[in-house]
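Secondary and tertiary structure notes
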Amino acid sequence: MKKLFLILIAALAFSSGAFAQRHSTPYAGIGVASNFRSAEEGRTGPAVSVGFRNYNREAILSFGVGAEALFYYIPSSTRSTWGIFAIPEIGLAIGPDFFKVYPHTGFMLGYDSADNVFGWGGKEGIAFDFGRHFTVDFSTYVPRYNFNEALFAVNFVWRFF
């Protein structure tokens, strides 16, 4: 029983130490969002994102949490679409501190003008962190799970810390 108690204390101490090394890193990104399934002529437009990610940058493997606000606009001569969403997300940072692969997923809640309704959807993606400040993020956004098409986006992100 004494050994189990010591193991639990050591695990708690390790967890606290690892948590203390985590960093919240705010970011801003600009990119391109595309809807390849649409038959309309306007299928690509700009996307802007702001948010933060919290993970241990020095660890080889670190669980990450974060949040993102996304705005996209897809122009068209017949009907332009736009959307604004809040996205809490989770991910896993893999790699050394100078290059990390960050697969992530999230829940989207916001407005999409294609349906003229507030809706919920999801996001999946993979990001490549280069150094301390630059990230390339490839993501798939589904603004509304029922009767909506996926958006594919490439964002170039600047991390501030």
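Look above for the structure.
This write-up is about the structure you can find in this document. (Residues numbered from 1 in each chain as written. Predicted model: local features only at pLDDT ≥ 70, side-chain atom pairs only at ≥ 80, totals over all residues. Heavy atoms only, no water.)

Turning to the overall build of the chain, a few remarks are in order. Counting secondary structure elements, the chain contains 1 helix and 8 strands. For the chain, the sequential pattern of α-helices and β-strands runs α-β-β-β-β-β-β-β-β. Counting across all 161 residues of the chain, residues that qualify as buried make up 40%. By sequence separation, contacts in the chain at least 24 residues apart represent 53% of the contacts at least 6 residues apart. Carbon together with sulfur atoms contributes 73% to the accessible area of the chain, which is approximately 9100 Å² in total. (Helix = DSSP H or I, 4+ residues; strand = E, 2+ residues; numbered from the N terminus. Buried < 20%, exposed > 50% of the residue type's maximum accessible area, 1.4 Å probe, protein only. Contact = heavy atoms within 4.5 Å. Areas by Shrake-Rupley, 256 points an atom, 1.4 Å probe, with all protein chains shown as cover.)

We now examine the packing of aromatic side chains. What the rule picks out here adds up to 10 aromatic pairs. When the centroid spacing of 6.3 Å and the interplanar angle of 40° are considered together, the rings of Phe 71 and Trp 82 count as tilted. Here Trp 82 lies in strand 4 (residues 81–94) and Phe 71 lies in strand 3 (residues 61–74), a separation of 11 residues in the sequence. A residue is classified by how much of its surface remains accessible, and Phe 71, at 34% relative accessible area, is partly exposed. A relative accessible area of 33% places Trp 82 in the partly exposed class. Residues Phe 99 and Phe 130 carry aromatic rings whose centres are separated by 5.4 Å and whose planes lie at 50° to one another, so their mutual orientation is tilted. Of this pair, Phe 99 sits in strand 5 (residues 99–112) while Phe 130 sits in strand 6 (residues 117–130), and the two are 31 residues apart along the sequence. Cluster of aromatic residues (ring-pair linked, three or more members): Phe 99, Phe 128, Phe 130, Phe 134 and Phe 138. (Phe/Tyr/Trp six-rings, centres within 6.5 Å; stacked < 30°, edge-to-face > 60°.)

What follows is about the side chain of Ser 62. With respect to the element layout, Ser 62 can be found in strand 3. Note on Ser 62: relative accessible area 5%, which makes it buried. A polar side-chain atom of Ser 62 sits 3.0 Å from the main-chain amide nitrogen of Asn 56. Not counting residues within four places of it along the chain, the set of residues in contact with Ser 62 comprises Arg 22, Tyr 55, Asn 56, Gly 91, Leu 92 and Ala 93. (Polar contact = N/O pair within 3.5 Å; in protein donor to acceptor, adjacent residues only side chain to side chain.)

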